[in-house]
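Analysis of the macromolecular model
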Amino acid sequence: MLQEKTKKIYKAKVVRVEKVSSSSYLIETELPYKVEIKAGQFISVYCDGLTLRRPFSVYSHNNNIIGILFKERGKGTNYIKSLKTGDEIDITGPLGNGFNIKNKKSLLIGAGIGVAAMAFLKSELDKNGIENLFVCGFLNKHEIPNCINIDKIYTDDGSVGEKGSVLNYLDQMINNYKPEIIYTCGPYIVLKTIAETAQQYGLEVQVAMEKVMACGIGVCRGCVIDIKKNGEIVNTTVCKDGPVFLGSEVVWQ
Ligand SMILES: Cc1cc2nc3c(=O)[nH]c(=O)nc-3n(C[C@H](O)[C@H](O)[C@H](O)COP(=O)(O)OP(=O)(O)OC[C@H]3O[C@@H](n4cnc5c(N)ncnc54)[C@H](O)[C@@H]3O)c2cc1C
Ligand code: FES
């Protein structure tokens, strides 16, 4: 029988690694214990010989199986991609705060690989019977992971779904769907634009931020961003205090 465990470092077993788009992979790993994970939290992976662990949003979580959806970028992701079923993988997590799920009509906006955190959030909202619309923007149809159900797709080149950046359709989406809250994950400029637009409509927006991380546990302060709290600007770690923040609290550059 699996038991809950508070310790955050796991030797997990790789269940499968699959290419799911032209540039992204899904890896599922089985932890030796059952853990509680909130959508928006992340894990960090030790990648053979690399000093710094690599952080990834949790994409799926069923009992003790955790999935991450990742884009190949450098040595770390190349290593993870090369793992085979049955291999051992060293994981720390779950880390960070996760989304603060509200029982409100929700618009979920993912861009690029930010779709991973959004897909997990979508499954949590569905589980809780919370009405939602899940939209995502990609460069082209080849970038879309084949493992995800997305309500509406936007591609820069128009190869599938609506043509153009998801940002071009923000006003239309808000006016047509009339969400009470927005959750988003993606590149900085996407988060910034969505936060500014949501503010114009008086809507709460929760943004999952990304910063290059070293320790991943709030010690090195290598991932700080400026956050407005009670009229003051505070240096805040993305890894421990985030990665999810209210869009209205972030001091956007
Ligand atoms: C909280 C958090 C959640 C994340 N979730 C995911 C996820 O779900 N899926 C996913 O694919 N990635 C995610 N990332 C990014 C992921 O951590 C990096 O892609 C990974 O660390 C790259 O490691 P690497 O060794 O392969 O590449 P590196 O050798 O570290 O870098 C290779 C190249 O990629 C660039 N690069 C590295 N990180 C990023 C980045 N975040 N954005 C843009 N360019 C980058 C570097 O500048 C360099 O040019 C997340 C990051 C954070 C902080
Ligand atoms: S990565 Fe060290 S404090 Fe965030």
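In the block above lies the structure referred to throughout.
Residues numbered from 1 in each chain as written. Chains lettered and ligands numbered in written order. Predicted model: local features only at pLDDT ≥ 70, side-chain atom pairs only at ≥ 80, totals over all residues. Heavy atoms only, no water.

**Some words on the overall build of the protein**
When you go through the protein residue by residue, the secondary structure sums to 4 helices and 16 strands. The principal-axis extent of the C-alpha atoms belonging to the protein is close to 50 × 45 × 35 Å. Within the span of the protein, comprising 253 residues, buried residues form 50% of the whole. Counting every atom, the protein has about 12,200 Å² of accessible surface; 48% of that belongs to carbon and sulfur. Here the protein holds 31 positive side-chain charges and 27 negative ones, and the gap between their average locations is 3 Å. (Helix = DSSP H or I, 4+ residues; strand = E, 2+ residues; numbered from the N terminus. Buried < 20%, exposed > 50% of the residue type's maximum accessible area, 1.4 Å probe, protein only. Areas by Shrake-Rupley, 256 points an atom, 1.4 Å probe, with all protein chains shown as cover. Lys, Arg positive; Asp, Glu negative; His and termini not counted. Charge placed at Lys NZ, Arg CZ, Asp CG, Glu CD.)

**A word on helix 1 (residues 75–82)**
Taken as a whole, helix 1 has its buried residues at Gly76, Thr77, Tyr79 and Ile80. Projected onto a plane normal to the axis of helix 1, the buried residues spread over an arc of 155° and lie on a single side. The inward-facing, buried residues of helix 1 abut strand 1 (9–19), strand 2 (24–30), strand 3 (42–45), strand 4 (54–57), strand 6 (65–71) and strand 7 (88–95). (Arc of directions from axis to C-beta. Contact = heavy atoms within 4.5 Å.)

**Some thoughts on unusual backbone geometry**
In this chain, glycine 93 is followed by proline 94 through a cis amide linkage whose omega measures 0°. Topologically, proline 94 is positioned in strand 7. Of the consecutive residues glycine 242 and proline 243, the connecting peptide bond is found in the cis state with omega at 10°. With respect to the helices and strands, the residue proline 243 is situated in the loop between strand 15 (232–237) and strand 16 (244–246). Look at lysine 178: it is not a glycine, yet its phi comes out positive at around 55°. Within the secondary structure, lysine 178 sits in the loop between helix 3 (170–177) and strand 12 (181–185). For arginine 221, which is not a glycine, the phi torsion comes out positive at approximately 60°. On the secondary structure map, arginine 221 appears in the loop between strand 13 (204–208) and strand 14 (224–229).

**Here we look at the site of ligand 1**
Taken together, the neighbourhood of ligand 1 is formed by 18 residues, with Arg54, Pro55, Gly76, Thr77 and Glu210 sitting nearest. Taking glycine 76, its main chain carries an N or O atom lying 2.7 Å from an oxygen atom of ligand 1. At a separation of 2.5 Å, a nitrogen atom of ligand 1 approaches a polar side-chain atom of glutamate 210. Here ligand 1, which alone exposes 890 Å², has 70% of that area covered by the protein. Among the secondary structure elements, those contributing two or more residues to the shell around ligand 1 are strand 4, strand 6 and helix 1. The residue inventory of the shell around ligand 1, partitioned by class, reads 8 nonpolar, 4 polar and 6 charged. (Near = heavy atom within 4 Å. Polar contact = N/O pair within 3.5 Å; in protein donor to acceptor, adjacent residues only side chain to side chain. Nonpolar A, V, L, I, M, F, W, Y, C, P; charged D, E, K, R; others polar.)

**Some points on the packing of aromatic side chains**
In the structure shown here, the tally under the stated rule is 5 aromatic pairs. Measuring from ring centre to ring centre gives 5.6 Å for phenylalanine 99 and tyrosine 183, while their planes differ by 90°; the resulting arrangement is edge-to-face. One end of the pair, phenylalanine 99, is in the loop between strand 7 and strand 8 (106–111); the other, tyrosine 183, is in strand 12, and 84 residues separate them in sequence. The pair formed by phenylalanine 99 and tyrosine 183 is uniform in burial state, with each residue classed as buried. Ring centres of tyrosine 154 and tyrosine 169 lie 4.8 Å apart, and the angle between their planes is 40°; this geometry places the pair in the tilted category. Linking tyrosine 154 in strand 10 (residues 152–155) with tyrosine 169 in the loop between strand 11 (162–163) and helix 3, this pair joins segments that are 15 residues apart in sequence. For tyrosine 154, a relative accessible area of 1% corresponds to the buried category. (Phe/Tyr/Trp six-rings, centres within 6.5 Å; stacked < 30°, edge-to-face > 60°.)

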